[in-house]
Amino acid sequence: MRIHTFTPLLGVLLVSMALSSSVHAASCEFHGGLYSSWEYTDNYRGTAHNQQSETIYEIGPSVDIICRAYPFALSLSGHAARSYHNRFKDDDETEVDLISGLTASSRRDSLELGYAFVQTSRSDLFSDVSGETRIHTGTLSYSRTLSPLTTLGLGYTRRLEDNSFPEQDIESEGASASLSHRITPNNTVSLTAGYDRYDYEVSEDAQVLRSSLSFEHALSPRTDVGVDLEYQHQYREEDLPDSDIKAAYLFWGHALTPQTRVRLSGGYSWLSTEDADRQRAAVGRADFSSTWQRDVFTLTLSREYTAEFTTDEYGTYDVRRAAASWERELLRSLSLLTTITYVERKPVTGIDVSTGIGRQEEKEITGLVSLSWSPIRFIDITSSYEHLREDEEASDTVTENRYRIIVEVLY
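Residues numbered from 1 in each chain as written. Predicted model: local features only at pLDDT ≥ 70, side-chain atom pairs only at ≥ 80, totals over all residues. Heavy atoms only, no water.

Bringing the overall build of the chain into the picture now. A tally of helices and strands in the chain yields one helix and 20 strands. Counting over 411 residues, the chain shows a buried share of 35%. Expressed as a percentage of contacts within the chain between residues at least 6 apart in sequence, the contacts between residues at least 24 apart total 52%. (Helix = DSSP H or I, 4+ residues; strand = E, 2+ residues; numbered from the N terminus. Buried < 20%, exposed > 50% of the residue type's maximum accessible area, 1.4 Å probe, protein only. Contact = heavy atoms within 4.5 Å.)

Below, the structure is given as C-alpha coordinates:
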(Lines give C-alpha, C1' and ligand atoms only; values in the text may rest on other atoms or scores of the structure.)
Protein backbone atom coordinates (compact mmCIF):
# COMPACT_ATOMS: atom_id res chain seq x y z
CA MET A 1 0.00 0.00 0.00
CA ARG A 2 1.49 3.33 -1.02
CA ILE A 3 1.59 6.29 1.34
CA HIS A 4 0.50 9.64 -0.10
CA THR A 5 0.48 13.17 1.20
CA PHE A 6 -2.77 15.01 0.64
CA THR A 7 -1.81 18.63 1.19
CA PRO A 8 -2.88 20.97 -1.65
CA LEU A 9 -6.63 21.17 -1.18
CA LEU A 10 -6.54 20.41 2.54
CA GLY A 11 -4.04 23.24 3.03
CA VAL A 12 -6.24 25.70 1.17
CA LEU A 13 -9.20 24.60 3.27
CA LEU A 14 -7.34 25.10 6.56
CA VAL A 15 -5.96 28.50 5.52
CA SER A 16 -9.41 29.67 4.48
CA MET A 17 -10.80 28.49 7.82
CA ALA A 18 -8.16 30.46 9.66
CA LEU A 19 -8.85 33.59 7.64
CA SER A 20 -12.58 33.32 8.24
CA SER A 21 -12.14 33.05 11.99
CA SER A 22 -9.62 35.88 12.23
CA VAL A 23 -11.44 38.42 10.09
CA HIS A 24 -14.98 37.85 11.30
CA ALA A 25 -16.43 36.63 14.56
CA ALA A 26 -17.69 33.11 13.96
CA SER A 27 -20.93 31.58 15.16
CA CYS A 28 -20.37 27.87 15.73
CA GLU A 29 -22.43 24.86 16.73
CA PHE A 30 -20.67 21.73 17.99
CA HIS A 31 -22.47 18.45 18.53
CA GLY A 32 -20.66 15.32 19.65
CA GLY A 33 -22.27 11.96 20.16
CA LEU A 34 -22.34 8.22 19.58
CA TYR A 35 -22.72 6.27 16.34
CA SER A 36 -23.81 2.61 16.34
CA SER A 37 -25.03 0.14 13.74
CA TRP A 38 -26.09 -3.48 13.27
CA GLU A 39 -25.90 -5.28 9.93
CA TYR A 40 -26.74 -8.76 8.73
CA THR A 41 -25.71 -10.07 5.31
CA ASP A 42 -26.47 -13.46 3.79
CA ASN A 43 -23.41 -13.46 1.49
CA TYR A 44 -20.55 -11.71 3.27
CA ARG A 45 -17.82 -12.83 0.84
CA GLY A 46 -19.88 -12.07 -2.27
CA THR A 47 -19.55 -15.57 -3.75
CA ALA A 48 -21.83 -17.43 -6.17
CA HIS A 49 -21.65 -20.68 -4.17
CA ASN A 50 -21.12 -21.66 -0.53
CA GLN A 51 -22.50 -18.36 0.67
CA GLN A 52 -21.69 -17.43 4.27
CA SER A 53 -23.75 -15.07 6.39
CA GLU A 54 -22.32 -12.55 8.83
CA THR A 55 -23.49 -10.16 11.54
CA ILE A 56 -21.51 -6.94 12.02
CA TYR A 57 -21.73 -4.42 14.86
CA GLU A 58 -20.19 -0.93 14.83
CA ILE A 59 -19.88 1.61 17.64
CA GLY A 60 -17.85 4.80 18.07
CA PRO A 61 -17.92 8.59 18.45
CA SER A 62 -19.53 10.97 15.95
CA VAL A 63 -19.39 14.73 15.45
CA ASP A 64 -21.28 17.50 13.67
CA ILE A 65 -19.83 21.03 13.47
CA ILE A 66 -21.27 24.07 11.70
CA CYS A 67 -19.56 27.50 11.75
CA ARG A 68 -20.62 30.71 10.02
CA ALA A 69 -18.61 33.90 9.63
CA TYR A 70 -19.88 35.89 6.68
CA PRO A 71 -19.15 35.27 3.87
CA PHE A 72 -17.80 31.88 4.99
CA ALA A 73 -19.67 28.77 6.11
CA LEU A 74 -17.83 25.70 7.42
CA SER A 75 -19.29 22.25 8.04
CA LEU A 76 -17.72 19.03 9.32
CA SER A 77 -19.50 15.78 10.15
CA GLY A 78 -18.75 12.11 10.43
CA HIS A 79 -17.92 9.24 12.72
CA ALA A 80 -15.21 6.73 13.61
CA ALA A 81 -16.53 3.34 14.69
CA ARG A 82 -14.96 0.02 15.55
CA SER A 83 -16.51 -2.91 13.72
CA TYR A 84 -17.04 -6.31 15.37
CA HIS A 85 -17.74 -9.40 13.24
CA ASN A 86 -19.57 -12.40 14.62
CA ARG A 87 -17.90 -15.02 12.37
CA PHE A 88 -14.97 -13.36 10.56
CA LYS A 89 -13.30 -11.77 13.57
CA ASP A 90 -10.06 -11.09 11.66
CA ASP A 91 -11.99 -8.49 9.65
CA ASP A 92 -12.62 -6.26 12.68
CA GLU A 93 -11.52 -2.77 11.62
CA THR A 94 -12.01 0.90 12.43
CA GLU A 95 -14.58 2.38 10.05
CA VAL A 96 -14.23 6.13 9.40
CA ASP A 97 -16.56 8.37 7.39
CA LEU A 98 -15.71 12.09 7.46
CA ILE A 99 -16.89 14.93 5.24
CA SER A 100 -16.09 18.64 5.49
CA GLY A 101 -16.73 21.70 3.40
CA LEU A 102 -16.09 25.41 3.27
CA THR A 103 -18.20 27.78 1.15
CA ALA A 104 -17.91 31.49 0.45
CA SER A 105 -20.22 33.51 -1.75
CA SER A 106 -20.80 37.07 -2.84
CA ARG A 107 -23.04 38.75 -5.37
CA ARG A 108 -20.93 37.56 -8.31
CA ASP A 109 -18.65 34.83 -6.95
CA SER A 110 -19.10 31.44 -5.32
CA LEU A 111 -16.31 29.23 -3.92
CA GLU A 112 -16.63 25.73 -2.48
CA LEU A 113 -13.86 23.60 -0.94
CA GLY A 114 -14.41 20.05 0.24
CA TYR A 115 -12.46 17.24 1.81
CA ALA A 116 -13.74 13.73 2.58
CA PHE A 117 -12.04 10.69 4.08
CA VAL A 118 -13.37 7.15 4.14
CA GLN A 119 -11.73 4.12 5.74
CA THR A 120 -13.75 0.96 5.34
CA SER A 121 -13.71 -2.75 4.64
CA ARG A 122 -17.33 -2.70 3.39
CA SER A 123 -18.17 -2.85 -0.32
CA ASP A 124 -21.21 -1.32 -2.00
CA LEU A 125 -20.93 -3.56 -5.09
CA PHE A 126 -19.41 -6.96 -5.83
CA SER A 127 -17.00 -5.24 -8.21
CA ASP A 128 -15.57 -3.11 -5.38
CA VAL A 129 -12.24 -4.01 -3.85
CA SER A 130 -12.00 -6.50 -0.99
CA GLY A 131 -10.20 -5.69 2.23
CA GLU A 132 -9.58 -2.34 3.87
CA THR A 133 -9.69 0.78 1.71
CA ARG A 134 -8.69 4.35 2.52
CA ILE A 135 -10.00 7.08 0.23
CA HIS A 136 -9.09 10.78 0.39
CA THR A 137 -11.13 13.10 -1.83
CA GLY A 138 -10.58 16.83 -2.21
CA THR A 139 -12.73 19.12 -4.34
CA LEU A 140 -12.62 22.76 -5.36
CA SER A 141 -15.24 24.58 -7.41
CA TYR A 142 -15.50 28.24 -8.33
CA SER A 143 -18.12 30.12 -10.31
CA ARG A 144 -18.27 33.76 -11.33
CA THR A 145 -20.95 35.80 -13.02
CA LEU A 146 -18.90 37.71 -15.58
CA SER A 147 -21.95 39.65 -16.77
CA PRO A 148 -25.74 39.29 -16.62
CA LEU A 149 -25.41 37.05 -19.69
CA THR A 150 -22.17 35.13 -19.03
CA THR A 151 -21.15 32.67 -16.30
CA LEU A 152 -17.76 31.01 -15.77
CA GLY A 153 -17.15 27.81 -13.79
CA LEU A 154 -13.92 26.07 -12.71
CA GLY A 155 -13.45 22.79 -10.88
CA TYR A 156 -10.72 20.50 -9.57
CA THR A 157 -10.88 17.08 -7.89
CA ARG A 158 -8.12 14.96 -6.43
CA ARG A 159 -8.64 11.42 -5.15
CA LEU A 160 -6.20 9.04 -3.46
CA GLU A 161 -7.30 5.45 -2.98
CA ASP A 162 -5.13 3.06 -0.94
CA ASN A 163 -6.24 -0.56 -1.06
CA SER A 164 -5.12 -3.69 0.74
CA PHE A 165 -3.06 -6.25 -1.18
CA PRO A 166 -3.63 -7.69 -3.77
CA GLU A 167 -5.72 -4.76 -4.96
CA GLN A 168 -3.70 -1.90 -6.42
CA ASP A 169 -3.78 1.75 -5.40
CA ILE A 170 -5.10 4.52 -7.63
CA GLU A 171 -4.31 8.23 -7.65
CA SER A 172 -6.52 10.39 -9.86
CA GLU A 173 -7.19 14.04 -10.48
CA GLY A 174 -9.43 16.02 -12.76
CA ALA A 175 -9.81 19.64 -13.83
CA SER A 176 -12.77 21.21 -15.62
CA ALA A 177 -13.92 24.55 -16.97
CA SER A 178 -17.29 25.72 -18.26
CA LEU A 179 -18.56 28.89 -19.92
CA SER A 180 -22.21 29.73 -20.53
CA HIS A 181 -23.39 32.74 -22.52
CA ARG A 182 -26.91 33.88 -23.40
CA ILE A 183 -26.69 35.12 -26.98
CA THR A 184 -30.28 36.34 -27.13
CA PRO A 185 -33.17 36.13 -24.66
CA ASN A 186 -34.09 32.73 -26.16
CA ASN A 187 -30.68 31.31 -27.16
CA THR A 188 -27.86 30.09 -24.91
CA VAL A 189 -24.54 28.49 -25.82
CA SER A 190 -22.40 26.50 -23.34
CA LEU A 191 -18.86 25.17 -23.63
CA THR A 192 -17.14 22.71 -21.25
CA ALA A 193 -13.67 21.16 -21.19
CA GLY A 194 -12.04 18.73 -18.80
CA TYR A 195 -8.97 16.62 -18.19
CA ASP A 196 -8.78 13.47 -16.02
CA ARG A 197 -5.64 11.55 -15.07
CA TYR A 198 -5.52 8.07 -13.53
CA ASP A 199 -2.24 6.82 -11.99
CA TYR A 200 -2.25 3.09 -11.25
CA GLU A 201 0.24 1.31 -9.03
CA VAL A 202 0.68 -1.60 -11.48
CA SER A 203 -1.53 -1.09 -14.55
CA GLU A 204 -0.70 1.46 -17.20
CA ASP A 205 -1.72 5.04 -16.42
CA ALA A 206 -4.57 6.60 -18.38
CA GLN A 207 -5.66 10.09 -19.35
CA VAL A 208 -9.01 11.31 -20.68
CA LEU A 209 -9.75 14.64 -22.37
CA ARG A 210 -13.41 15.67 -22.45
CA SER A 211 -15.22 18.54 -24.16
CA SER A 212 -18.76 19.48 -25.09
CA LEU A 213 -20.61 22.23 -26.92
CA SER A 214 -24.30 22.86 -26.31
CA PHE A 215 -26.80 25.17 -27.98
CA GLU A 216 -30.21 25.69 -26.36
CA HIS A 217 -33.24 27.51 -27.75
CA ALA A 218 -36.27 28.37 -25.60
CA LEU A 219 -39.44 27.76 -27.58
CA SER A 220 -41.52 28.96 -24.63
CA PRO A 221 -41.10 29.54 -20.89
CA ARG A 222 -41.81 25.81 -20.40
CA THR A 223 -40.11 24.21 -23.44
CA ASP A 224 -36.59 24.26 -24.82
CA VAL A 225 -34.78 22.38 -27.58
CA GLY A 226 -31.16 22.19 -28.67
CA VAL A 227 -28.06 20.31 -29.73
CA ASP A 228 -25.28 18.71 -27.65
CA LEU A 229 -21.91 17.82 -29.23
CA GLU A 230 -19.46 15.78 -27.14
CA TYR A 231 -15.90 14.55 -27.65
CA GLN A 232 -13.61 12.33 -25.53
CA HIS A 233 -10.04 11.27 -26.19
CA GLN A 234 -8.65 8.40 -24.16
CA TYR A 235 -4.89 7.94 -23.93
CA ARG A 236 -3.04 5.06 -22.27
CA GLU A 237 0.68 4.43 -22.04
CA GLU A 238 2.79 1.65 -23.58
CA ASP A 239 1.15 -0.35 -26.36
CA LEU A 240 -2.49 0.01 -25.30
CA PRO A 241 -4.64 1.63 -28.01
CA ASP A 242 -5.94 5.19 -27.83
CA SER A 243 -9.59 5.83 -28.61
CA ASP A 244 -11.93 8.69 -29.47
CA ILE A 245 -15.62 8.98 -28.62
CA LYS A 246 -17.74 11.47 -30.54
CA ALA A 247 -21.43 12.01 -29.92
CA ALA A 248 -24.17 14.28 -31.23
CA TYR A 249 -27.51 14.66 -29.46
CA LEU A 250 -30.76 16.49 -30.14
CA PHE A 251 -32.64 17.27 -26.93
CA TRP A 252 -36.08 18.43 -25.87
CA GLY A 253 -36.97 19.65 -22.39
CA HIS A 254 -40.44 20.48 -21.10
CA ALA A 255 -41.94 21.50 -17.76
CA LEU A 256 -45.16 19.51 -17.51
CA THR A 257 -46.01 21.44 -14.33
CA PRO A 258 -44.00 23.84 -12.13
CA GLN A 259 -42.98 20.75 -10.10
CA THR A 260 -42.46 18.23 -12.92
CA ARG A 261 -39.92 18.34 -15.73
CA VAL A 262 -38.80 15.93 -18.46
CA ARG A 263 -35.75 16.05 -20.75
CA LEU A 264 -35.17 13.67 -23.67
CA SER A 265 -31.95 13.40 -25.72
CA GLY A 266 -31.19 11.18 -28.70
CA GLY A 267 -28.53 10.85 -31.35
CA TYR A 268 -25.49 8.89 -32.51
CA SER A 269 -22.07 8.14 -31.05
CA TRP A 270 -18.93 7.10 -32.92
CA LEU A 271 -16.06 5.15 -31.35
CA SER A 272 -12.65 5.10 -33.04
CA THR A 273 -9.90 2.86 -31.64
CA GLU A 274 -6.39 2.34 -32.97
CA ASP A 275 -6.03 -0.81 -35.06
CA ALA A 276 -9.76 -1.55 -34.87
CA ASP A 277 -12.82 -0.92 -36.99
CA ARG A 278 -14.85 2.17 -36.26
CA GLN A 279 -18.04 1.54 -34.30
CA ARG A 280 -21.21 3.53 -33.99
CA ALA A 281 -24.42 3.22 -32.03
CA ALA A 282 -27.67 5.03 -31.40
CA VAL A 283 -27.44 6.72 -27.99
CA GLY A 284 -29.96 8.43 -25.80
CA ARG A 285 -30.72 9.90 -22.39
CA ALA A 286 -33.97 10.54 -20.54
CA ASP A 287 -34.47 12.43 -17.28
CA PHE A 288 -37.72 12.86 -15.39
CA SER A 289 -38.13 14.62 -12.04
CA SER A 290 -41.16 15.52 -9.99
CA THR A 291 -41.24 17.35 -6.66
CA TRP A 292 -44.37 17.67 -4.59
CA GLN A 293 -45.03 18.72 -1.04
CA ARG A 294 -44.11 15.33 0.43
CA ASP A 295 -42.68 13.40 -2.54
CA VAL A 296 -39.58 13.61 -4.70
CA PHE A 297 -39.35 11.21 -7.67
CA THR A 298 -36.55 10.94 -10.23
CA LEU A 299 -35.99 8.61 -13.19
CA THR A 300 -32.95 8.50 -15.49
CA LEU A 301 -32.28 6.29 -18.52
CA SER A 302 -29.21 6.27 -20.75
CA ARG A 303 -27.28 4.33 -23.37
CA GLU A 304 -23.83 5.63 -24.37
CA TYR A 305 -20.12 4.92 -24.80
CA THR A 306 -18.07 5.83 -21.71
CA ALA A 307 -14.42 5.68 -20.66
CA GLU A 308 -14.19 4.29 -17.11
CA PHE A 309 -11.12 3.83 -14.92
CA THR A 310 -11.54 2.44 -11.40
CA THR A 311 -10.14 -0.47 -9.41
CA ASP A 312 -12.38 -2.77 -11.45
CA GLU A 313 -13.17 -1.01 -14.74
CA TYR A 314 -10.44 -0.12 -17.22
CA GLY A 315 -11.25 0.96 -20.75
CA THR A 316 -14.17 1.95 -22.96
CA TYR A 317 -17.64 0.47 -22.44
CA ASP A 318 -21.04 0.45 -24.07
CA VAL A 319 -23.20 1.21 -21.02
CA ARG A 320 -26.95 0.99 -20.55
CA ARG A 321 -28.22 2.45 -17.28
CA ALA A 322 -31.58 2.91 -15.57
CA ALA A 323 -32.08 4.45 -12.13
CA ALA A 324 -35.13 5.51 -10.17
CA SER A 325 -35.61 6.97 -6.71
CA TRP A 326 -38.65 7.92 -4.67
CA GLU A 327 -38.46 9.80 -1.38
CA ARG A 328 -41.64 10.37 0.63
CA GLU A 329 -42.09 12.29 3.85
CA LEU A 330 -44.49 10.10 5.82
CA LEU A 331 -44.47 12.37 8.88
CA ARG A 332 -42.50 15.45 9.86
CA SER A 333 -39.78 13.25 11.40
CA LEU A 334 -40.29 10.06 9.36
CA SER A 335 -39.26 9.57 5.71
CA LEU A 336 -39.09 6.67 3.27
CA LEU A 337 -36.49 6.30 0.51
CA THR A 338 -36.64 3.72 -2.27
CA THR A 339 -34.03 3.38 -5.03
CA ILE A 340 -33.29 0.89 -7.79
CA THR A 341 -30.41 0.91 -10.28
CA TYR A 342 -29.69 -1.30 -13.27
CA VAL A 343 -26.39 -1.15 -15.19
CA GLU A 344 -25.46 -3.24 -18.21
CA ARG A 345 -21.81 -2.77 -19.16
CA LYS A 346 -20.35 -4.26 -22.36
CA PRO A 347 -16.58 -3.82 -22.82
CA VAL A 348 -15.49 -2.35 -26.14
CA THR A 349 -11.81 -1.96 -25.29
CA GLY A 350 -10.30 -2.77 -21.92
CA ILE A 351 -8.75 -5.29 -19.57
CA ASP A 352 -9.35 -6.52 -16.07
CA VAL A 353 -6.85 -4.54 -14.02
CA SER A 354 -6.35 -7.43 -11.60
CA THR A 355 -5.82 -10.23 -14.15
CA GLY A 356 -4.75 -8.43 -17.32
CA ILE A 357 -7.26 -10.35 -19.45
CA GLY A 358 -10.22 -9.07 -21.42
CA ARG A 359 -13.22 -7.80 -19.49
CA GLN A 360 -16.56 -9.59 -19.59
CA GLU A 361 -20.02 -8.24 -20.19
CA GLU A 362 -21.73 -7.70 -16.85
CA LYS A 363 -25.07 -6.66 -15.41
CA GLU A 364 -25.61 -5.15 -11.97
CA ILE A 365 -28.84 -4.55 -10.08
CA THR A 366 -29.05 -2.79 -6.72
CA GLY A 367 -32.19 -1.97 -4.78
CA LEU A 368 -32.62 -0.13 -1.49
CA VAL A 369 -35.53 0.55 0.86
CA SER A 370 -34.69 2.85 3.77
CA LEU A 371 -36.77 4.31 6.61
CA SER A 372 -35.36 7.29 8.54
CA TRP A 373 -36.82 8.54 11.81
CA SER A 374 -35.77 11.50 13.97
CA PRO A 375 -37.97 11.41 17.07
CA ILE A 376 -36.14 14.42 18.50
CA ARG A 377 -33.64 16.86 17.02
CA PHE A 378 -30.39 15.02 17.84
CA ILE A 379 -31.45 11.38 17.43
CA ASP A 380 -31.42 9.74 14.00
CA ILE A 381 -32.54 6.14 13.45
CA THR A 382 -32.26 4.54 9.99
CA SER A 383 -33.30 1.02 9.03
CA SER A 384 -32.68 -0.36 5.55
CA TYR A 385 -32.85 -3.40 3.29
CA GLU A 386 -30.52 -3.67 0.29
CA HIS A 387 -30.41 -6.24 -2.50
CA LEU A 388 -27.42 -6.69 -4.81
CA ARG A 389 -27.17 -8.89 -7.90
CA GLU A 390 -24.40 -9.30 -10.47
CA ASP A 391 -24.36 -11.36 -13.66
CA GLU A 392 -21.15 -11.83 -15.65
CA GLU A 393 -20.90 -13.33 -19.11
CA ALA A 394 -18.82 -16.36 -18.08
CA SER A 395 -19.57 -16.52 -14.35
CA ASP A 396 -22.44 -17.58 -12.15
CA THR A 397 -24.89 -15.04 -10.75
CA VAL A 398 -23.98 -13.53 -7.39
CA THR A 399 -26.64 -12.13 -5.04
CA GLU A 400 -26.61 -10.62 -1.56
CA ASN A 401 -29.21 -9.28 0.86
CA ARG A 402 -28.29 -6.79 3.57
CA TYR A 403 -30.31 -5.62 6.55
CA ARG A 404 -29.04 -2.67 8.59
CA ILE A 405 -30.04 -0.43 11.49
CA ILE A 406 -28.10 2.76 12.29
CA VAL A 407 -28.62 4.82 15.44
CA GLU A 408 -26.80 8.14 15.93
CA VAL A 409 -27.25 10.27 19.05
CA LEU A 410 -25.81 13.80 19.26
CA TYR A 411 -26.01 16.37 22.02
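Right, let's talk about the packing of aromatic side chains for a bit. The final tally for this structure, using the stated rule, is eight aromatic pairs. Considering the side-chain rings of Y40 and Y403, the 6.3 Å spacing of their centres and the 35° angle between planes classify their relative orientation as tilted. Note that Y40 is positioned in strand β1 (residues 27–41) and Y403 in strand β20 (residues 398–410), a separation of 363 residues in sequence. In this structure an aromatic cluster arises from ring pairing among Y198, Y200, F309 and Y314. (Phe/Tyr/Trp six-rings, centres within 6.5 Å; stacked < 30°, edge-to-face > 60°.)

Attention now goes to the environment of L98. Its location among the elements puts L98 in strand β4 (residues 94–105). Spatially, the C-alpha atoms of L98 and F117 are 5.2 Å apart, while their sequence positions differ by 19 residues. Leaving out residues up to four positions away in the same chain, L98 has contacts with L76, S77, G78, Y115, A116 and F117.

By size, the foremost hydrophobic cluster in this structure holds eight residues: I170, Y198, Y200, A206, V208, A307, F309 and Y314. Secondary structure elements with two or more residues in this core: β9 (187–200), β10 (206–220) and β15 (295–309). Leave out the neighbours within four places in its chain, and Y198 touches E171, S172, D205, A206, V208, R210 and F309. (Core = buried A, V, L, I, M, F, W, Y, C linked by side-chain atoms within 4.5 Å.)

Looking now at the pairing of strand β6 (residues 133–147). On a regular strand, each side chain points to the face opposite its neighbour's, so the side chains alternate between the two faces of the sheet. With twelve bridges joining them, strand β5 (residues 109–120) and β6 adopt antiparallel strand pairing. Residue pairing in the sheet places V118 in a bridge with I135 of β6. Note that β6 and strand β7 (residues 150–163) share 14 bridges and pair antiparallel. Following the sheet pairing, S147 is matched in β7 by T150. (Pairing = 2+ DSSP bridges.)

Applying the stated rule across the entire model yields 26 salt bridges. A single salt-bridge network, built from bridges that share partners, covers R158, E171, E173, R197 and D199. (Salt bridge = Lys/Arg side-chain N within 4 Å of Asp/Glu carboxyl O.)

Here we take up unusual backbone geometry. Glycine aside, negative phi is the norm for most residues, and most peptide bonds take the trans geometry. Look at the link from Y70 to P71: it is a cis peptide, with omega at 10°. Positionally, P71 belongs in the loop between β2 (54–69) and β3 (72–85). Even without being glycine, N50 reaches a positive phi, approximately 50°. Counting through the fold element by element, N50 comes out in the loop between β1 and β2.

Okay, a nonpolar patch on the surface next. On the surface, L34, W38, Y57, I59, Y84, V369, Y385, Y403 and I405 cluster together to form a nonpolar patch covering roughly 810 Å² of accessible area. Going through the elements one at a time, β1, β2 and β20 are the ones with two or more residues in the nonpolar patch. If you trace the backbone, W38 turns up in strand β1. The partly exposed category is assigned to W38, whose relative accessible area is 32%. (Patch = residues over 30% accessible without salt bridge, like charges linked within 9 Å, V, L, I, M, F, W, Y side chains within 5 Å. Areas by Shrake-Rupley, 256 points an atom, 1.4 Å probe, with all protein chains shown as cover.)

Our focus in this paragraph is the environment of T341. The residue T341 is located in strand β17 (residues 334–350) in this model. Distance in space between the C-alpha atoms of T341 and A322 is 5.8 Å, their sequence separation being 19 residues. T341 has contacts with A322, A323, E364, I365 and T366, leaving out every residue within four places of it along the chain.

A few words now on the side chain of N187. Residue placement: N187 occurs in strand β9. Polar contacts involving the side chain of N187 include one to the side chain of T184, which spans 2.8 Å. (Polar contact = N/O pair within 3.5 Å; in protein donor to acceptor, adjacent residues only side chain to side chain.)

Attention shifts here to the state of the cysteines. Formally, a disulfide is one covalent bond, and it connects the sulfur atom of one cysteine to the sulfur atom of another. Tallying each qualifying case throughout the model produces one disulfide. C28 shares a disulfide with C67; S-S distance 2.1 Å. Across the disulfide from C28 to C67, rotation about the S-S bond amounts to roughly 120°, and the bridge is consequently right-handed. Of this pair, C28 sits in strand β1 while C67 sits in strand β2, placing them 39 residues apart in sequence. (Disulfide = S-S within 2.5 Å.)

This next bit is on the side chain of S214. Mapped onto the secondary structure, S214 falls in strand β10. Overall, the relative accessible area of 16% leaves S214 in the buried class. A distance of 2.7 Å separates polar atoms of two side chains, one belonging to S214 and the other to D228.

Let us look at the confidence of the model for the chain. Mean pLDDT for the chain: 88, with 89% of residues reaching 70 or above. Looking across the chain, the model is least confident in helix α1 (residues 8–23), with a mean pLDDT of 45, and most confident in strand β8 (residues 170–184), with 96. Note on residues 1–5: pLDDT under 50 across the span, and 16 contacts to partners over four residues away in sequence or across chains. A low-confidence stretch, residues 352–357 (pLDDT under 50), is modelled with eleven contacts involving residues beyond four sequence positions or located in other chains. (pLDDT = per-residue confidence, 0-100.)

Right, let's get into the environment of E95. Within the fold, E95 resides in strand β4. With a relative accessible area of 6%, E95 lands in the buried category. Expressed as a C-alpha distance, the spacing of E95 and E132, which sit 37 residues apart in the sequence, is 9.2 Å.

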